[in-house]
Amino acid sequence: MELLYASCVGVLVTCGVYLILRARTFPVVLGLTMLSYAVNLFLFSAGRLTINKAVVLGTGTDYADPLPQALVLTAIVIGFAMTAFVVILAIRGRADLGNDHVDGHLGKIEHKEHK
């Protein structure tokens, strides 16, 4: 089970890094999202995956660690805000430059100067 879990985190990181290295903004946004999913899974696994442990106090003798759950919940909220911010930046860059390349190469202004 741990090997499958670690493999999923590795595949998400690999796909995220590959997409971040693309020249367009939409794959970069998807890559950042995949990396945030990988970090969430990693944080969740940091609390040691356990089965049949109580999450609520008073319902059992062994308890699950609530700290990784709180960290993942916080990371989900921050990741959503980051994704919304990057999408707005991408839309603004597309409107200002006329294309969606990450480096902004050959936008409207530069393209007119090259003619």
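Remember, it's a predicted structure, so these values are computed and weren't measured experimentally.

Visitor: Can you help me understand the overall build of the chain in this one?
Guide: Helix and strand counts for the chain come out as four helices and zero strands. Ordered by position in the sequence, the α and β elements of the chain form the string α-α-α-α. Split into buried and exposed, the 115 residues of the chain put 23% on the buried side. Counting contacts in the chain only where the partners sit at least 6 residues apart, residues at least 24 apart contribute 46% of the total.

Visitor: Even after reading the chapter, I still don't get the UniProt feature "transmembrane region" (unreviewed entry) in the chain, so can you show me in this structure?
Guide: Per the UniProt record, "transmembrane region" (unreviewed entry) is annotated on residues 6-21, 28-51 and 71-91. In the segment residues 6-21, helix accounts for 94% and strand for 0%; the C-alpha atoms at its two ends are 23 Å apart. Taken end to end, residues 71-91 is 100% helix and 0% strand, and its first and last C-alpha atoms sit 30 Å apart.

Visitor: Explanation requested: the packing of helix H2 (residues 25-46) against helix H3 (residues 66-97) in the structure shown.
Guide: Describing two packed helices takes the angle between their axes plus the distance from one axis to the other. Where H2 contacts H3, the axes come no closer than 9 Å and their chain directions differ by 175°. Compared by their axis directions, H2 and H3 come out roughly antiparallel. Residue-level inspection shows Thr25, Val29, Leu32, Thr33, Asn40, Leu43, Phe44 and Ala46 of H2 in contact with H3, the latter providing Pro68, Gln69, Leu71, Val72, Ala75, Ile76, Met82, Thr83, Val86, Val87 and Ala90. In terms of residue class, the contact of H2 with H3 is made up of 14 nonpolar, five polar and no charged.

Visitor: Could you clarify how one ought to interpret the packing of aromatic side chains in this entry?
Guide: On inspection of all chains with the given rule, the structure shows zero aromatic pairs. When the ring centre of tyrosine 18 is taken as origin, the NZ or CZ atom of arginine 22, which lies over that ring, is 4.4 Å away.

Visitor: Before we go on, may I ask you to explain H2 in this structure?
Guide: Since the α-helix turns once every 3.6 residues, residues separated by three or four places project in the same direction. Between the first and last C-alpha of H2 there are 32 Å, a value that for 22 residues agrees with the 32 Å anticipated at 1.5 Å per step. Pro27, Val28, Val29, Gly31, Thr33, Ser36, Ala38 and Asn40 are the residues of H2 that are buried. Just past H2, the residue arginine 48 takes up positive phi, approximately 60°.

The rules behind each value
- Residues numbered from 1 in each chain as written.
- Predicted model: local features only at pLDDT ≥ 70, side-chain atom pairs only at ≥ 80, totals over all residues.
- Heavy atoms only, no water.
- Helix = DSSP H or I, 4+ residues; strand = E, 2+ residues; numbered from the N terminus.
- Buried < 20%, exposed > 50% of the residue type's maximum accessible area, 1.4 Å probe, protein only.
- Contact = heavy atoms within 4.5 Å.
- UniProt positions renumbered as here; feature names shortened; annotations may be inferred.
- Axes fitted to C-alpha atoms, helices over the stretch in contact; angles between N-to-C directions.
- Parallel < 35°, antiparallel > 145°, perpendicular 65-115°, else oblique.
- Nonpolar A, V, L, I, M, F, W, Y, C, P; charged D, E, K, R; others polar.
- Phe/Tyr/Trp six-rings, centres within 6.5 Å; stacked < 30°, edge-to-face > 60°.
- Lys NZ or Arg CZ within 6 Å of the ring centre and 35° of its normal.
- Expected span 1.5 Å × (residues − 1).

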